[in-house]
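Examination of the molecular architecture
Chain by chain, the residues run as shown.
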Amino acid sequence: MSSSGGNSRVVAIANQKGGVGKTTTAVNLAAALADLGQRVLVIDLDPQGNAGTGMGIDARSLDYTIYDVLMKDVSIEDAIEPTAVKNLFACTSTIDLAGAEIELVSAFSRELRLRKALEAVIDDYDFIFIDCPPSLGLLTINALSAASEVLVPIQCEYYALEGLSQLFRNVKLVQGSLNPSLDISTVVLTMYDARTKLAEQVVEDVRKFYGDKVCKNVIPRAVRISEAPSFGQPITAFDPSSRGAIAYRELAKEVLGVA
């Protein structure tokens, strides 16, 4: 993995379809891995800034966010905050980041800004998750250039596979020109509702398409998972015995085993 140091895994969580559980998966998988003793950093590259909020961090009260790291050469160490979960750290974003998409266009080595920034901290973490925006602009390209692998959350709903071929094409482009070691390593099925035939069908289709990249553990559609962020907590802290927390803990073990 040329883009990562030591044994740390830098994982871009990407799918240009919105509402598939990217941020939910970034926050909860990271927290579950932290509970297993891994040191984990979550970088929020989405201008909506939901990952930070979901970990209880108010980005507006911070001196620096990922925007300053990418656009003002602030050291990433100065933008990382500990969360209430042991071993779990966050580098958050605010709506400022929306402007970065445009500002990056004229920036020097614009696709590699995040990779360069991460060099300073890559050996401090076992996992670095990058929560990508639901688009394939320069922020996502930065994430794909910095990552060693891509995790794709897929919602168990109609049109689940739509747009994925585009994502796979973009990963191939980044592989070819910026980051040869990049690989789509993991597909996670989210928002699974066992009562519907459709969900079953989607699971079947996705497994047929992506084979052993698809995690065995699926994430259920669960009210508690969607309530947790408004309390600024990952599901594993908010309701540790809930179905959602159990699902993310099982997923974390599976992701660890992949290594």
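Below is a short write-up of the structure. (Residues numbered from 1 in each chain as written. Predicted model: local features only at pLDDT ≥ 70, side-chain atom pairs only at ≥ 80, totals over all residues. Heavy atoms only, no water.)

**A look at the pairing of strand 4 (residues 88-91)**
- Neither face of strand 4 is exposed, since Leu 88 and Ala 90 on one face and Phe 89 and Cys 91 on the opposite face are all buried.
- Bridge count for strand 2 (residues 40-44) against strand 4 is four bridges, and the pairing is parallel. Looking across to strand 4, one finds that Val 42 is bridged to Ala 90.
- Relative to strand 4, strand 3 (residues 80-82) runs antiparallel, the two sharing three bridges. Of the residues in strand 4, the one forming a bridge with Ile 80 is Cys 91.
- From the end of strand 3 to the start of strand 4, which pair antiparallel, there are five residues, and Asn 87 there has a positive phi angle of about 75°. (Buried < 20%, exposed > 50% of the residue type's maximum accessible area, 1.4 Å probe, protein only. Helix = DSSP H or I, 4+ residues; strand = E, 2+ residues; numbered from the N terminus. Pairing = 2+ DSSP bridges.)

**A closer look at a negative patch on the surface**
- On the surface, a cluster of negative charge is contributed by Asp 63, Glu 77, Asp 78, Asp 123 and Asp 124.
- As for its placement among the helices and strands, Asp 123 is situated in the loop between helix 5 (113-118) and strand 5 (127-131). (Patch = residues over 30% accessible without salt bridge, like charges linked within 9 Å, V, L, I, M, F, W, Y side chains within 5 Å. Areas by Shrake-Rupley, 256 points an atom, 1.4 Å probe, with all protein chains shown as cover. Salt bridge = Lys/Arg side-chain N within 4 Å of Asp/Glu carboxyl O. Lys, Arg positive; Asp, Glu negative; His and termini not counted. Charge placed at Lys NZ, Arg CZ, Asp CG, Glu CD.)

**Digging into the nonpolar core**
- By size, the foremost hydrophobic cluster in this structure holds 56 residues, and its most contacted members are Ile 43, Leu 45, Ile 66, Ile 76, Leu 114, Leu 118 and Ile 154.
- The dominant element in this core, judged by the number of residues it contributes, is helix 6 (residues 138-146), at six residues.
- In contact with Leu 118, other than residues within four places in its own chain, are Val 10, Ile 43, Ile 76, Ile 128 and Ala 146.
- Counting 36 residues, the second-largest nonpolar core is a separate cluster that includes Ala 51, Leu 88, Phe 129 and Leu 151. (Core = buried A, V, L, I, M, F, W, Y, C linked by side-chain atoms within 4.5 Å. Contact = heavy atoms within 4.5 Å.)

**Comments concerning helix 8 (residues 197-210)**
- The end-to-end C-alpha distance of helix 8, which contains 14 residues, comes to 20 Å, matching closely the 20 Å that a straight helix rising 1.5 Å per residue would cover.
- Within helix 8, burial applies to Ala 199, Val 202, Val 203, Val 206 and Tyr 210. Projected down its long axis, helix 8 shows its buried positions confined to an angular sector of 100°, all on one face. Away from the buried face of helix 8 by more than 90 degrees, exposed residues Lys 197, Glu 204 and Lys 208 are located. (Expected span 1.5 Å × (residues − 1). Arc of directions from axis to C-beta.)

**Quick notes on the layout of surface pockets**
- In this structure, the largest pocket encloses a volume near 500 Å³.
- If you list the elements that add at least two residues to the lining of the largest pocket, you get helix 1 (22-35), helix 2 (50-54) and helix 9 (223-227).
- The element that contributes the greatest number of residues to the lining of the largest pocket is helix 1, accounting for six residues.
- Partitioning the lining of the largest pocket into residue classes produces 13 nonpolar, 14 polar and three charged.
- What the second largest pocket holds in volume is close to 180 Å³. (1 Å grid on protein atoms, 1.4 Å probe; cavity = no way out; pocket = protein on both sides within 12 Å on 5 of 7 lines; lining within 4 Å. Points joined across faces, edges and corners; volume = space filled by probe spheres on them. Nonpolar A, V, L, I, M, F, W, Y, C, P; charged D, E, K, R; others polar.)

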